[in-house]
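# Examination of the molecular architecture
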Amino acid sequence: MSRRTRVSHDDKDVELRYSNWISAVVDLIAPKNLYLVAGRATAKTGDIFAKRSQRVCVDMPRSMQVMVSDTYMNALRNVVPALLEGWERQGWKRGIHYVTDERPPSHFKNPYKPVETYQHTISIYNGCFFNLGSLDQPSGLAGGSYQHIYCDEARLLKFDKLKKLTPAIRGEYATFGHSVFYRGQTATTDMPNILEGDDDWILQNEKHYNPEQAKLALQVALVLNEIRQEIVAAKQINDGKAIEKLKVTLARWTERWVKARKDLTFSYYV
């Protein structure tokens, strides 16, 4: 950019949050498909998974999404609690931004299609709706219509069962086709161990990864961050003319960022 800026952590327009480097990279690239293999204690669910699902919800309000686990027991005891804890840290509050296993309050928007049951579901304030799915009963999910799929602890998911769900990732292109995340997939896990019965299907997605496209998306995202810093700096000195000019620049680079991420698969091992 034309000039460097420095933003103080104490500024009222800045919120200080802690993150590890891989989480920051995923935030910046924001690909359509994310396949992340990372070791334990890298905050895969509570940070990376949580922030990415929030972004998908904001980008596709009123969409239907599905969160797949090997069993309902694992989803309810491990995956969902970690996810909700992550949402809380990112500012979402139960009853205000989301509810689980119950009809949402009246101030919530409705999903684009009617909901028949609220068992094993999460409703979001902007109308997004999560079905919790178990691969113990894959046929029950195949008849749905979802715009994004999440697979936490992907090593526990058997690909032969998971692929039966693929035809259900569809629908409402006219409404959601603008989003990079439309018909995308988010999968995280620690390294599969096939000797212990894990499934290594997540590793096979490396062939879809285009490092040059990911690098471009990251570079454009870093430019966007610089522009946002300049906007904050302009607000600090109340320079209205500079703010309006920077907002135009921000919109132009945001469009470039969206194009750079189109159909991008980011497969990474930490």
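This one's a predicted model, so the numbers in the text were calculated from it and none came from an experiment.

## A look at the pairing of strand S1 (residues 33-37)
Within S1, 5 of the 5 residues are buried, leaving the element largely enclosed by the surrounding structure. Of the two faces of S1, the one carrying Asn-33, Tyr-35 and Val-37 and the one carrying Leu-34 and Leu-36 are both buried. Bridge analysis of S1 against strand S7 (residues 184-189) gives 4 bridges, and the strand direction is parallel. Bridge pairing in S7 places Leu-36 opposite Thr-188.

## As for the sheet that holds strand S4 (residues 121-124)
Read across the open sheet, the 8 strands follow the order S3-S4-S5-S2-S6-S7-S1-S8; overall the sheet is mixed. Looking at which strands have only one partner, the edges of the open sheet turn out to be strand S3 (98-100) and strand S8 (265-269). Between one strand axis and the next, the sheet turns by 15 degrees as a mean value, whatever way the strands run. Summarising the sheet, S4 and strand S5 (residues 129-134) pair through 3 bridges and their orientation is antiparallel.

## Digging into empty space enclosed by the protein
The final tally for this structure, using the stated rule, is 1 cavity of 30 Å³ or more. Space inside the largest cavity adds up to approximately 30 Å³. If you trace the largest cavity, you find it lined by Met-67, Val-68, Ser-69, Ala-75, Val-79 and Asp-152. Contributing elements (two or more residues each) for the lining of the largest cavity: strand S2 (64-69) and helix H3 (72-89). Element by element, the count of residues in the lining of the largest cavity is highest for S2, at 3 residues. Residue classes in the lining of the largest cavity are distributed as 4 nonpolar, 1 polar and 1 charged.

Cut-offs used in this document
Position labels on residues start from 1 in each chain and follow its written sequence. Totals for whole chains, interfaces and linings use every residue, but because this is a predicted model, local features are given only for residues with pLDDT of at least 70 and side-chain atom pairs only at 80 or more, for both listing and counting. Working from all heavy atoms in the structure, the side-chain values ignore hydrogens and water. To sort residues, take the accessible area from a 1.4 Å probe on protein chains only and compare it with the maximum for the residue type: under 20% means buried, over 50% means exposed, and anything in between is partly exposed. To qualify as a helix, a DSSP run of H or I must reach at least 4 residues; to qualify as a strand, a run of E must reach at least 2; elements of each kind are numbered from the N terminus. Strand pairing is assigned whenever DSSP identifies at least 2 bridges connecting the two strands. Fitting a line to C-alpha atoms yields each axis, with helices limited to the stretch in contact; the angle taken between N-to-C directions then spans 0 to 180 degrees. Space inside and on the surface of the protein is sampled on a 1 Å grid over the protein atoms alone, with a cavity defined as a set of points where a 1.4 Å probe fits but cannot get out and a pocket as an open set with protein on both sides within 12 Å along at least 5 of 7 lines; lining residues have an atom within 4 Å of a point. Grid points are joined across faces, edges and corners, and a volume is the space filled by probe spheres set on the points. Three residue categories are used. Nonpolar comprises Ala, Val, Leu, Ile, Met, Phe, Trp, Tyr, Cys and Pro, charged comprises Asp, Glu, Lys and Arg, and polar comprises the others, including Gly.

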